[in-house]
Amino acid sequence: TCVGDDDYPQKLANLDDKPYILYYMGDLSLANMPSLAVVGSRKPTNYGIIVTERLVRDVASAGVVIVSGLAYGVDSIGHRKALEVGGKTIAVLGGGFDHIYPSEHQELAEEIAEKGLLLSEYRPKMKATKYSFPTRNRIIAGLSDGVLITEASLKSGTIHTRDFALDYNRELFAVPGNIDSESSALTNETLKCGQGK
């Protein structure tokens, strides 16, 4: 779908840096439903896993679409838990459909395409690069009514999604963690600065 098409996601249409073309597999109408981005660490602690599963279970069960990036950790936990409770989920890829990254999530991507929505601004044959992930994060934030960071360090790529959420005036939520935990440094800072609820 392209900018200007009837089925182009409404939430992205008003953004200055919207993707001109979106490739998709699955139910594109999910992009216009109430949604929450769930993002965070690729290596969550046990606390991060439990919190992500619990919050996604409740939100997805209430009919809110879970949006994330198919990455290791919080992203894949969010997608899987949404599917597990019969909810809907959208995965925004950092490359094309022919090169699912990480490759271990190929089966998960196929399940999302069947029961939810896979989205990418990249042509199917394009491989993900280290630059395409931060760019992809603007779509995750843009498609969502709110962004939830469950656990992330200050060096996490999640910081890009947080900043896009703030730029786009999306609701921002962060789960507090132990004050000594490096894994919760970004969420704690986001709350301390009054940027998130």
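The structure under discussion appears in the preceding block.
Predicted, not measured: the structure shown is a model, and the values here were computed from it. (Residues numbered from 1 in each chain as written. Predicted model: local features only at pLDDT ≥ 70, side-chain atom pairs only at ≥ 80, totals over all residues. Heavy atoms only, no water.)

(A) Structural view of the nonpolar core. Formed by 27 residues in total, the largest nonpolar core has its most connected members in Leu12, Ile90, Val92, Leu117, Leu119, Leu143 and Val147. At the level of secondary structure, the elements contributing two or more residues to this core comprise strand S2 (35-39), strand S3 (65-68), strand S4 (89-92), strand S5 (117-120), helix H5 (132-143), strand S6 (146-149) and helix H6 (158-167). Per element, the largest residue contribution to this core is four residues, and it comes from H5. In this view, Leu117 contacts Tyr24, Met25, Gly26, Asp27, Leu28, Leu30, Ala31, Thr89, Ile90, Ala91 and Ile112; residues no more than four positions away in its chain are not counted. (Core = buried A, V, L, I, M, F, W, Y, C linked by side-chain atoms within 4.5 Å. Buried < 20%, exposed > 50% of the residue type's maximum accessible area, 1.4 Å probe, protein only. Helix = DSSP H or I, 4+ residues; strand = E, 2+ residues; numbered from the N terminus. Contact = heavy atoms within 4.5 Å.)

(B) Expanded view of unusual backbone geometry. Going from Tyr101 to Pro102, the amide bond is cis rather than trans, its omega being -5°. Locating Pro102 in the fold gives a position in the loop between S4 and helix H4 (106-115). A positive phi angle, close to 65°, is found at Leu70, a residue other than glycine. One can find Leu70 in the loop between S3 and helix H3 (74-84). With a phi angle near 60°, Asn169 is a residue other than glycine that sits in the positive phi range. Within the secondary structure, Asn169 sits in the loop between H6 and strand S7 (171-174). On the accessibility criterion, Asn169 (68% relative accessible area) is exposed.

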